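Residue-level structural notes
Below are the chains, spelled out letter by letter.
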Amino acid sequence: MPVYPSDPYPYDLPPYIVTTEEMRQIEGRVFRAGMPIAALMEKVGQLLSQRIQELWPQNRYPQLGVLVGPGHNGGDALVVARELMLRGYGVILWHPFRRAKPLTADHLRYAQSLGIPVSPDINDLGHCQGIIDGLFGFGLERPLTGEVLESVSQLNRWQKAVISIDIPSGLDSDRGTVLGGAIKADHTLCLGLRKLGLMQDHALDVIGKLELIDIGLPAKDITAILGDRPPVQCLTPALWQTLPLRRSPSTHKYRQGHSLLVGGSATYGGSILLAALAARETGVGMLSVAVPHHLKPLILGQVPDALVIGCPETKNGAIAQLPGDLDLGRFQGIGCGPGLTTETPAVVDQLLDSSCPLALDADGLNLLAQGDRLSQLVHRKAPTLLTPHGGEFSRLFPSLIQGANRPLAARQAAQETGAMILLKGARTAIANPTGQIWINPESTPALARGGSGDVLTGLLAGLWSQMEPLSATLAATWWHSQAGCLAAQENTVLGVNAWRLTNYLIPALRSHPID
Ligand SMILES: NC(=O)C1=CN([C@@H]2O[C@H](COP(=O)(O)OP(=O)(O)OC[C@H]3O[C@@H](n4cnc5c(N)ncnc54)[C@H](O)[C@@H]3O)[C@@H](O)[C@H]2O)[C@H](O)CC1
Ligand SMILES: [K+]
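Residues numbered from 1 in each chain as written. Chains lettered and ligands numbered in written order. Predicted model: local features only at pLDDT ≥ 70, side-chain atom pairs only at ≥ 80, totals over all residues. Heavy atoms only, no water.

1. Structural notes on the domain arrangement of the protein chain
Convention followed: Segmentation into domains, and thus their bounds, comes from an automatic or database assignment. The quantity reported as buried area is the accessible area (1.4 Å probe) lost by two parts once they are put together, taken as the sum for both.
According to the domain assignment, the protein chain consists of domain 1 (17–226) and domain 2 (237–244 + 252–510). For domain 1 and domain 2, the distance between their C-alpha centroids amounts to 41 Å. Counting each side, the surface lost to burial between domain 1 and domain 2 is near 880 Å², with a carbon and sulfur contribution of 61%. Among the residues of domain 1 in contact with domain 2, Met-199, Asp-201 and Leu-204 are the three that bury the most area, contributing 50% of the side total.

Here it is as structure tokens:
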């Protein structure tokens, strides 16, 4: 599992993520406009063959097994098989189906006329160094069963190098769920546009490294189906350019935003400190941190540039209330939750009643889940962001089946609450109340540890005071994961504790050219 994409996505391609139906409609426009299906299949096969030769040089992968399905995924695979054979690879086909689509049947017949062996027995591929999976693409209609399922399981047991064409066979191209069984790929060469099923947390172990192959889909056909505001898209490096890096020479600290962080307790003292360390890396003009009184020295000691507000505290060392004279109208971005505990709901109520842009995380979310706070959220006028991980999301929205399709669950939650939802995970999904979704395509398992979320909350609070809330949320998410990837690259996937992550925020930013 690469901790840092060595060759990230070709971001010059549209960052859109499509459903099966949208892909079919886009390709349908291309075919109706005159592009012969056979021509596109041949083009796709050539592009795939070139990439596979780069990934699998013939001297290291002399023998290749090619799984040929009954549909056009199988057709793609047959073009690849033929082209690689002509370039000197040894190729053997596995095709256990009696029927195939006409185009696929033609390619199969031609491959056989060239002397490429075909076997219905998967064991005849046991000697191959690499397996090319052209069983099913987005046309999979039902779970794999019988001999096909057994052969896929056998193949996975071999643990050979596997490249899947478009989608690992057996994976649902919308939900990313495994239908009966699925090929476990090292690489998935996705054709044209990313499929929604490939951008789901639970699909990651099956798809391996996801690469996008540009098959030349005209932008006009994509826009005709997806519209000008594509429903689902990836975060991209373009977000670096949106950060508030351009400042007027005459600016002053009061013009660079004032953020407030609220949290901390005797039980969890470090979370709010991590958030504060991250917030100040955003360059926010002023940073205020409201903590229980006893934590004030800790914050001041580590973040002397912050204005630390010592709050009255409960006997358990949590914030009892925010100071009565605290004017929340002074802040353009508030992050509440790291280390807060759920002892004092009044703190969250006070923030919800304010007209401040508010990001709720951790115990701020757990308090939101109590009583009718969540149902009242739709009446809040100021921008609101909820940043749950999976467990918090399930507590907040028990009726939404996020497991099957987390991005769509996040969208539904955003539309129900009127808040932006940032559903954290391996592929964090951000949804806004207008129904748009952004998915972060690049992250690292190194971030799966306590404190990472606090760092994100700090970035959000700091950027919300300097940028439009949605842009700030997208940029913070991208920045956070890129810093994690860089930290993992330099310290291994074990070395990205939250404190070190805060120290990688600026290096990650600096390592990308800003126009
Ligand atoms: N749209 C195009 O013409 C192009 C598609 N590309 C590639 O082709 C696939 C999509 O092709 P399609 O034929 O629609 O679907 P599949 O190849 O996935 O095969 C579906 C095929 O299999 C049968 N089937 C479905 N489920 C099962 C099952 N569980 N067991 C057995 N058989 C099953 C179904 O009846 C169909 O006949 C796409 O992913 C691309 O790889 C090209 O890239 C460009 C042209
Ligand atoms: K496939």
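2. A short note on the UniProt feature "binding site: K(+)" (unreviewed entry) in the protein chain
Defined as follows: UniProt positions are given in the numbering used here, feature names are shortened, and annotations may be inferred rather than shown by experiment. Residue burial is assigned from relative accessible area. The probe radius is 1.4 Å, only protein chains are included, and a residue is buried under 20% of its type maximum, exposed over 50%, and partly exposed in between. Contacts: residue pairs with any heavy atoms within 4.5 Å of one another.
Within this numbering scheme, the UniProt entry marks Asn-73, Asp-133 and Ser-169 as carrying the feature "binding site: K(+)" (unreviewed entry). Taking the farthest pair of C-alpha atoms as the criterion, the annotated set spanning 97 residues converges on one region, since that pair is 9.4 Å apart. You can call Asn-73 buried: its relative accessible area is 8%. Beyond its immediate sequence surroundings of up to four residues, Asn-73 is in contact with Asp-133, Gly-134, Leu-135, Phe-136, Gly-137, Ile-165, Asp-166 and Ser-169.

3. Focus on the site of ligand 1
The cut-off we apply is this: Whether a residue is near a molecule or strand depends on its heavy atoms: if one lies within 4 Å, it is near. For this analysis, a polar contact is any N or O atom pair within 3.5 Å, provided that within protein one partner can donate a hydrogen and the other can accept it, and provided that sequence-adjacent residues contribute only side-chain to side-chain pairs. The protein chains shown are the only cover counted for residues, whose accessible areas, like all others here, come from Shrake-Rupley with a 1.4 Å probe. By definition, any uninterrupted DSSP run of H or I lasting at least four residues is a helix, any uninterrupted run of E lasting at least two residues is a strand, and each is numbered from the N terminus. Amino acids are sorted into nonpolar (Ala, Val, Leu, Ile, Met, Phe, Trp, Tyr, Cys and Pro), charged (Asp, Glu, Lys and Arg) and polar (every other residue, Gly among them).
The environment of ligand 1 is formed by 22 residues, the closest being Glu-27, Asn-73, Lys-101, Gly-137 and Asp-166. Gly-137 places a main-chain nitrogen or oxygen 2.6 Å from an oxygen atom of ligand 1. A distance of 3.0 Å separates an oxygen atom of ligand 1 from a polar backbone atom of Phe-138. Coverage of ligand 1 by the protein chains reaches 87% of its 850 Å² of free accessible surface. When contributions to the shell around ligand 1 are tallied by element, the ones reaching two or more residues are helix H1 (20–32), helix H2 (37–55) and helix H3 (72–86). Tallied by class, the residues present in the shell around ligand 1 amount to 11 nonpolar, five polar and six charged.

4. Examining the coordination of the potassium ion (ligand 2)
Rules: Counted as donors are N, O and S atoms no farther than 2.8 Å from the metal, or 3.2 Å for Na, K and Ca; water is not among the atoms, and sites may therefore look incomplete. Any site counts as irregular unless it has four donors with all angles between 85 and 135 degrees, making it tetrahedral, or four or six donors with opposite ones more than 155 degrees apart and the rest between 65 and 115, making it square planar or octahedral.
Here the potassium ion (ligand 2) is held by Asn-73 (OD1), Asp-133 (O), Phe-136 (O), Ile-165 (O), Ile-167 (O) and Ser-169 (OG), and the distances to it run 2.6 to 3.1 Å. Considering all six donor atoms around the potassium ion (ligand 2), angles at the metal cover 68 to 171 degrees and the coordination shape is irregular. Of note, the potassium ion (ligand 2) draws all its donor residues from one chain, in the sequence arrangement N-x59-D-x2-F-x28-I-x1-I-x1-S. Of this pair, Asp-133 sits in strand E5 (residues 130–134) while Ile-165 sits in strand E6 (residues 161–165), and the two are 32 residues apart along the sequence. There is no split in this pair, since Asp-133 and Ile-165 are both buried.

5. Let's talk about the environment of Leu-78
If you trace the backbone, Leu-78 turns up in helix H3. Accessibility expressed as a relative area gives 1% for Leu-78, which makes it buried. Once the C-alpha coordinates of Leu-78 and Val-68 are considered, the two residues, 10 residues apart in sequence, prove to be 6.9 Å apart. When near neighbours in sequence (up to four residues on either side) are disregarded, Leu-78 contacts Val-68, Leu-93, Thr-104, His-107, Leu-108 and Ala-111.

6. A few points about the side chain of Ser-164
Along the chain, Ser-164 turns up in strand E6. Ignoring sequence-local partners within four residues, the contact set of Ser-164 consists of Asp-133, Ser-169, Ile-183, Ala-185, His-187, Thr-188 and Leu-189.

7. A word on the sheet that holds strand E17 (residues 420–423)
This is how it is decided: By the convention used here, strands pair only if DSSP detects at least 2 bridges between them. With axes taken as lines fitted to C-alpha atoms, and helix axes fitted only over the stretch in contact, angles between N-to-C directions fall between 0 and 180 degrees.
Read across the open sheet, the 10 strands follow the order E10-E19-E18-E17-E16-E15-E14-E11-E12-E13; overall the sheet is mixed. The open sheet terminates on both sides in strands that have one partner only, identified here as strand E10 (232–234) and strand E13 (307–311). Strand-to-strand, the axes of this sheet are offset by a mean angle of 15 degrees, without reference to chain direction. Looking at chain direction, E17 and strand E18 (residues 429–431) are connected through three bridges and run antiparallel. The residue of E18 that forms the bridge with Ile-421 is Ala-431.

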